[in-house]
Each structure stands twice: as C-alpha cells, then as structure tokens.
Amino acid sequence: MSTLLTDIKVIDYKFYVNGQWKESQSGQMIEIQSPYLYEMIGRVQAMEKEEVDEAISLAREVQVEWANTSLQERAKYLYRWADELVNMQNEIAPIIMKEVGKSLKDARNEVVRTADFIRYTVEEALHMHGENMKGDSFPGGSKSKIAMIERVPLGVVLAISPFNYPVNLAAAKLAPALIAGNAVIFKPATQGSISGIKMIEALHKAEFPAGLVSLITGRGSVIGDYLVEHKGIDMISFTGGTNTGEHLAKKAAMIPMVLELGGKDPGIVREDADLVEAAKQIISGAFSYSGQRCTAIKRVLVHEHIGDKLVGILKEEIERLAVGSPEKGNTVVPLIDNQSADFVQGLIEDAIEKGAKVVTGNKRDRNLIYPTLLDHVTEDMSVAWEEPFGPVLPVIRVSSDEEAINIANKSEYGLQASVFTKDINKAFMISNKMETGSVQINGRTERGPDHFPFIGVKGSGMGVQGIRKSIESMTREKVTVLNLSL
Ligand code: NAP
Ligand code: G3H
C-alpha cells in the first residue's frame, strides 16, 4: 500500500479546454489536502471567467458537429473511454483514496463501476428509438398526418459533481450527455478535482473531438454562480448538498436542471423483521465510507417491542467495524474535513444533552469519528432530522407502522427508505405511503444498479437519474409532422 502512495507525486494539475491541458492566467492555485494523510497531495488551477467563457464558446461550436455524427460513431469514443478507465484503474484508484479518503477497494470499484456505467449508457442509447403517432387516433384527426418523434440533444450540459464519488458521479453525467450528442462543461468538487482530472485524462486518451468536453477547476463559491448563470449553458446536471442545489435552482432560472441532493433515509424495522439480516443491511447502509453517501441509512425507526434486541445486535456489529485509515481498507475512515467532523460531533452532543443514550462510539480523533449508535432519539433532537454525512446512527423507537411512516415523512428529504419485514403486504403498504423516490424492501438504501431510476423528491432533488432517465433528461423531444396527400 505504501508503495502505491509514494508513487503518487505532489503535482500542479492543469485544467482541460480545447483538448489541451493548460495553466490559468490567474496564477492562482488551490491546494488539495488529503483528509487522512493531512498533507497536500496536489494543487489545481483557480480558473478565470475568461477561461470559462472560452471553454463554453468552444463547446457550443463543437457540439453542433458532434450531434451530427452517427450514434455508432459516438459510441466508439465512449467505449474507448471506458476501456481507458479500466486500463488506468491502478493509477486512478490510489488518487481517489488519497483525495477523498475512500478505501482502495472501494476506489477501484468506483472506477470499474464507472466503465460499466459508460458501456451500459452506450448500449441503452443504441436501443432507444423514437415514436410515431397517427393523426386519426384523435377525434377529427386525419390519417394523412403522421408525427415522427425523436430525441435531440439540448446543447451544452454543465455537470457539477460532489466529492464522495469523484469519478463515478461525474461520469454518470458526462456519459449520457455525450452519447446523446451534447457537449459538456465539467466542474468537479474542488476536493475531488484531482480524481476528476484523472478521469478526463482517460477521456483524452479516447481522442474525443477537442473542445467537446472541458474541465473547469475553481471553488464553486467563486466561479459556480458564473457557470450556472452563463448564457452558453443549456442544461445543468448537479449532484451535491441540498443548500447548494436550492441556491443553483434559483440562479439557473429557466435552464432545465436535474438535481440529486441530500437525504435522511430511514430504515424502518417492523416487529416481524429478521433482525440479524436487518442489522446487517442497516450497518452496511449507515457506515460504509463513514456514512458519506447520499443514500446512507441515516435513522432507524424501530418498533418498541423489538427495540432492545435490534439495538443489541447493532451494537455488537458496529463494534466490529474496522475504523481508521482508508489505506488499511477500513470501513469507517476520517471524514472529508474537520468542519464535517465538527458538524457530526455537534449533532451527537445535542442529542446527548437532550437525553439520547450513547450505545457505542462518541469518540473522535481529529476528523475521524468512531461509529456512533444513539438510542432513544426523540424528535426534538437535531440528529433526528439533519443529514450528518458521517458515521452516526440515531435510533427512534415507534409504537406502530403509522408512527414510523409519519416520522419518516416529516423529513424535509425524500431520497430512499428501507423497510424490513417478513410481511410483503405490510411492506407494500408502507412503501406506498413513503414520500421518497425509492423504497427498498429488506435491503439497504443504495443507488445501484445504475440502470434503475434514481430519484430524490422534496429536498432530495428534482428530476430523475439512472441511465435511461439521464439520457432523457439531457435530450428533448422533437416532432416532425408528415402531411401526406392520401
Ligand atoms: P456540495 O458542497 O453541495 O458541493 C457539490 C458541488 O457543488 C461541488 O462541485 C461544489 O464545488 C459545487 N458548488 C458549490 N457552490 C456552488 C455554486 N454556487 N455554484 C455551482 N456549484 C457550486 O456537496 P458535497 O459536500 O460535495 O457533497 C455532499 C452532499 O452531496 C451531501 O448532502 C450528499 O447527500 C449530497 N449528494 C447527493 C447525491 C445524490 O445523488 N442524491 C450523491 C452524492 C452526494 P466546490 O467543491 O468547489 O465547492
Ligand atoms: O452519495 C450518493 C450516491 O449517489 C450514492 O451511491 O448508493 O451507490 O453509494 P451509492
């Protein structure tokens, strides 16, 4: 493992415009610190507005030609990109690990999952066909009118990604945009931008037309609004926090957007659930990558009759979780920064002050928060409602399905929910009442497999992702009507 690390040099990374790697005229660099090595691992360019303008103007030009190429032609580039990512996995995975503190295994999985995602996106697009409609199916309509409905690209897509899947959640925007005939302006999370740069290196090797994809680096708080309000952007695909997403939605006005935002996914455990299996799913859902997943299980709503038993199993399993450096393959790793750890610690302390019981955890070493289980959490505690994005799991005891549904739906978020039960009818009853994009029955909350629709409702987002849905969101329908003389 240490060999891998010493192989990675601290370097100044360039931005990518017009198929070239460039230094910014600003002369300003942003330092990227590793969340667990506590040292600088590289610097990225803080780009200027004029450089952003150049990238967008080029993208607009190149997109027209790209949209005119055949689907088979575009497919070849994307397949090559997927192959290059797989070829580069030994280079990219250690960078993801160093930059966002994810274990090497998870980082490698992320790269391979991304290549699979790209290939499936191509295959989906190859099998998407338009539709024809005949005029005479409407009263008074004529047989001589035939509508041909096809999907056309929107133009230039702005892809903004979060830190936690710096390759996968970026490519999940680029691939559907490109296969559909769009150009892309990609703005990675600053912490995550080196990983994003490596992903673009793979794309560069696939020899896409120069200017079709540009990578913009710089703090969202500095250049984000400029990008979002830019007249050259035709669609925005954003994944990140709810506050940022809401801010962007106001700025973007009438530009079509897909927002995938935060979550507070509940794990509802009914009296009849298989508790051992439920605990296994809840723990994997709540603590993998320290809970830094939008889809992490972020609260447990358990029937009071089985509360003690479930909490006992959870405690035992949580205490077995491997905690520490991602280089040692640990599950619970230091959080992305100290500020995030302060936030999680604050939630724990607020809950304790208001009467929650610490079952295990509540230990901290810098930005490493040990996995923490809080029992007897009540609705007046912030941890019952806030998204911690960290390894703390609150348990709220309920006396009925109705109470669980009520508390689950009181959340401002609506990403996913899990229901653990042996009664399939009850599972469907709860699922039907859940105000979330998806409900998992007897499984942890998660995005994949990546061709499933992935939907956030309420504060969790707007629009739908998932391979086919993403392609649809980055295209619009175009109708050509044939008026025959019959
Ligand atoms: P974040 O702070 O909201 O940042 C997300 C992206 O937005 C980054 O690229 C950031 O750039 C950029 N940004 C910030 N301000 C901007 C502005 N004014 N204009 C344009 N872009 C701006 O989120 P994060 O901390 O990276 O990720 C954690 C959050 O994302 C959690 O809430 C999590 O639940 C959510 N998330 C949701 C999903 C989902 O699919 N539902 C998936 C993953 C994560 P900088 O880094 O330069 O600030
Ligand atoms: O962080 C948000 C991601 O969309 C979650 O993806 O469920 O595959 O970890 P995942």
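Residues numbered from 1 in each chain as written. Chains lettered and ligands numbered in written order. Predicted model: local features only at pLDDT ≥ 70, side-chain atom pairs only at ≥ 80, totals over all residues. Heavy atoms only, no water.

1. A word on the overall build of the protein
We count it as follows: Helix and strand labels come from DSSP, where a helix needs a run of H or I of at least four residues and a strand needs a run of E of at least two; each type is numbered from the N terminus. Here the globule rule is a power law, 2.2 Å times the number of residues to the power 0.38, and the radius of gyration is based on C-alpha atoms. Burial here depends on accessible area, computed with a 1.4 Å probe over protein chains only, as a share of the maximum for the residue type. Under 20% is buried, over 50% is exposed, and the range in between is partly exposed. Residue contacts are counted whenever heavy atoms from the two residues lie within 4.5 Å of one another. Shrake-Rupley sampling with a 1.4 Å probe provides the accessible areas, and residues are treated as covered by the protein chains on show and by no other component.
Along its length, the protein carries 15 helices and 27 strands. A compact globule built from 486 residues should have a C-alpha radius of gyration of about 23 Å, and the protein, at 24 Å, falls within 12% of that. Taking the principal axes of its C-alpha atoms as reference, the protein extends roughly 75 × 65 × 35 Å. Across the 486 residues that make up the protein, the buried fraction comes to 57%. Within the protein, residue pairs in contact and separated by at least 24 positions form 72% of the contacts whose partners lie at least 6 positions apart. Carbon together with sulfur atoms contributes 50% to the accessible area of the protein, which is approximately 20100 Å² in total.

2. Focus on the site of ligand 1
Inclusion rule: By convention in these notes, a residue is near a molecule or strand provided one of its non-hydrogen atoms lies within 4 Å of it. Pairs of N or O atoms within 3.5 Å make up the polar contacts considered here, provided that, within protein, one atom can donate a hydrogen while the other can accept it, and that residues adjacent in sequence are counted only when both atoms are side-chain atoms. Lys, Arg, Asp and Glu make up the charged group, whereas Ala, Val, Leu, Ile, Met, Phe, Trp, Tyr, Cys and Pro make up the nonpolar group; the residues left over, Gly among them, are polar. Segment limits for the domains were obtained from an automatic or database-derived domain assignment.
Residues in close proximity to ligand 1 total 29 residues, the closest being T190, G220, T244, L261 and E387. Measuring from an oxygen atom of ligand 1, one finds a backbone N or O atom of G241 at 2.8 Å. When ligand 1 is considered free in solution it has 920 Å² of accessible area, and contact with the protein chains removes 86% of it. Going through the elements one at a time, α8 (220–228), β11 (235–239) and α9 (242–252) are the ones with two or more residues in the shell around ligand 1. Residues of the shell around ligand 1, tallied by class, amount to 12 nonpolar, 12 polar and five charged. In terms of domain composition, the shell around ligand 1 takes at least three residues from each of domain 1 (11–261 + 462–478) and domain 2 (265–450).

3. Side note on the site of ligand 2
With respect to spatial proximity, the complete set of residues near ligand 2 consists of R113, N164, Y165, R293, C294, T295, E446, R447 and F454. Within the contact set of ligand 2, an oxygen atom lies 2.7 Å away from a side-chain nitrogen or oxygen of R293. In the environment of ligand 2, an oxygen atom lies 2.8 Å from a nitrogen or oxygen atom belonging to the backbone of R447. In isolation ligand 2 offers 310 Å² of accessible surface; the protein chains occlude 96% of this area. When we break the shell around ligand 2 down by domain, the ones giving at least three residues each are domain 1 (11–261 + 462–478) and domain 2 (265–450).

4. Looking at the nonpolar core
Here is the rule we go by: The set of buried Ala, Val, Leu, Ile, Met, Phe, Trp, Tyr and Cys residues whose side-chain atoms join them within 4.5 Å is what this entry labels a nonpolar core.
By size, the foremost hydrophobic cluster in this structure holds 94 residues, and its most contacted members are L78, W81, L174, L178, I185, M199 and F208. Both domain 1 (11–261 + 462–478) and domain 2 (265–450) contribute no fewer than three residues apiece to this core. The residues contacting F208, other than those within four sequence positions of it, are W66, Y77, L78, W81, L178 and L203. Counting residues in each nonpolar core, the second largest holds 26 residues, with L335, I369, M381 and A417 among its members.

Read these as spatial facts, not as claims about activity.
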